[in-house]
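Chain and residue survey
One letter stands for each residue in the lines below.
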Amino acid sequence: GQQLNQSPQSMFIQEGEDVSMNCTSSSIFNTWLWYKQDPGEGPVLLIALYKAGELTSNGRLTAQFGITRKDSFLNISASIPSDVGIYFCAGQYGQLTFGSGTQLTVLP
Amino acid sequence: EAEVAQSPRYKITEKSQAVAFWCDPISGHATLYWYRQILGQGPELLVQFQDESVVDDSQLPKDRFSAERLKGVDSTLKIQPAELGDSAMYLCASSQGQGDNSPLHFGNGTRLTVT
């Protein structure tokens, strides 16, 4: 089946810093999605990307759909404490496949 | 903003018992999904419905798991008998369509603990 490699697995950053995480795959996808999950909650959709090369922003978040359709990255600028959580990438080609998540910790 | 509703939020059951989870998708969303998420991992698809029909249940352990969406709106996922390895978060999601341009929206899940 399709697999996504998400990195890094975890990150510790200072408040105010920028952070970047990415997902790669050997398979192509038609859609890339980025979700954030807080403890005990369901994943919340942050950004959806539908076209290769697309660059989309949502406030301090920016994500790109890789030109090869096999990768995507998410950037968070000027991190704040409420950015803490687990970020998942997900690629869709028929079925939706999730990465293993990036645990983000923001230090005051 | 419309949400996917799930209940119960938490469930503790003994192994070999039956357990059921309920999901009410966002109004108007024809496609409904059940996912299982083991701690520290991403969600994995169990079953997908389009209206009342099962589209994909290839990853559903059918010897003990069953899912239904009789009227094409809300859905129930059942496990009988539960096993220790079934302890996980069970997430329901819905989307307007089943194409790759219909993003999934998730509920807050049911945390199952099997003892």
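Up top you'll find the structure we're talking about.
Conventions used here
- Residues numbered from 1 in each chain as written.
- Chains lettered and ligands numbered in written order.
- Predicted model: local features only at pLDDT ≥ 70, side-chain atom pairs only at ≥ 80, totals over all residues.
- Heavy atoms only, no water.
- Helix = DSSP H or I, 4+ residues; strand = E, 2+ residues; numbered from the N terminus.
- Rg over C-alpha atoms; globule rule 2.2 N^0.38 Å.
- Buried < 20%, exposed > 50% of the residue type's maximum accessible area, 1.4 Å probe, protein only.
- Contact = heavy atoms within 4.5 Å.
- Salt bridge = Lys/Arg side-chain N within 4 Å of Asp/Glu carboxyl O.
- Disulfide = S-S within 2.5 Å.

Helices and strands together make up the secondary structure of chain A, namely zero helices and eleven strands. Across chain A, helices and strands are ordered from the amino to the carboxyl terminus as β-β-β-β-β-β-β-β-β-β-β. Relative to the 2.2 N^0.38 estimate, which gives 13 Å for 108 residues, the radius of gyration of chain A is 13 Å and therefore close to what a compact globule would have. Dimensions of chain A, computed from the C-alpha atoms along their principal axes, are close to 40 × 25 × 20 Å. Residues classed as buried in chain A amount to 44% of the 108 residues present. Restricting to contacts in chain A with at least 6 residues of sequence separation, those with at least 24 account for 53%.

Counted by the stated rule, this structure contains six salt bridges over all chains. Among the ionic contacts, a cluster of salt bridges with common partners joins R64, E83 and D86 of chain B.

Moving on to the environment of S7 of chain A. Residue and element names in this part refer to chain A. For S7, the position within the fold is in strand β1 (residues 5–7). S7 sits in the partly exposed class, given a relative accessible area of 33%. Discounting residues that sit within four places of it in the chain, S7 has contacts with M21, N22 and T102.

What follows is about the state of the cysteines. In the structure shown here, the tally under the stated rule is two disulfides over all chains. Linked covalently through their sulfurs, C23 of chain A and C89 of chain A form a disulfide whose S-S length is 1.7 Å. Measuring the twist about the S-S bond at about -80°, one finds the C23 of chain A-C89 of chain A disulfide to be left-handed. Of this pair, C23 of chain A sits in strand β3 (residues 19–24) while C89 of chain A sits in strand β9 (residues 85–93), and the two are 66 residues apart along the sequence. Like C23 of chain A, the residue C89 of chain A is buried in the burial classification. The disulfide that involves C23 of chain B links it to C92 of chain B, with 1.9 Å between the sulfurs. Between C23 of chain B and C92 of chain B the sulfur-sulfur dihedral comes to about -70°; the bridge is accordingly left-handed. With C23 of chain B in strand β3 (residues 19–24) and C92 of chain B in strand β9 (residues 88–95), this pair connects stretches of sequence that are 69 residues apart.

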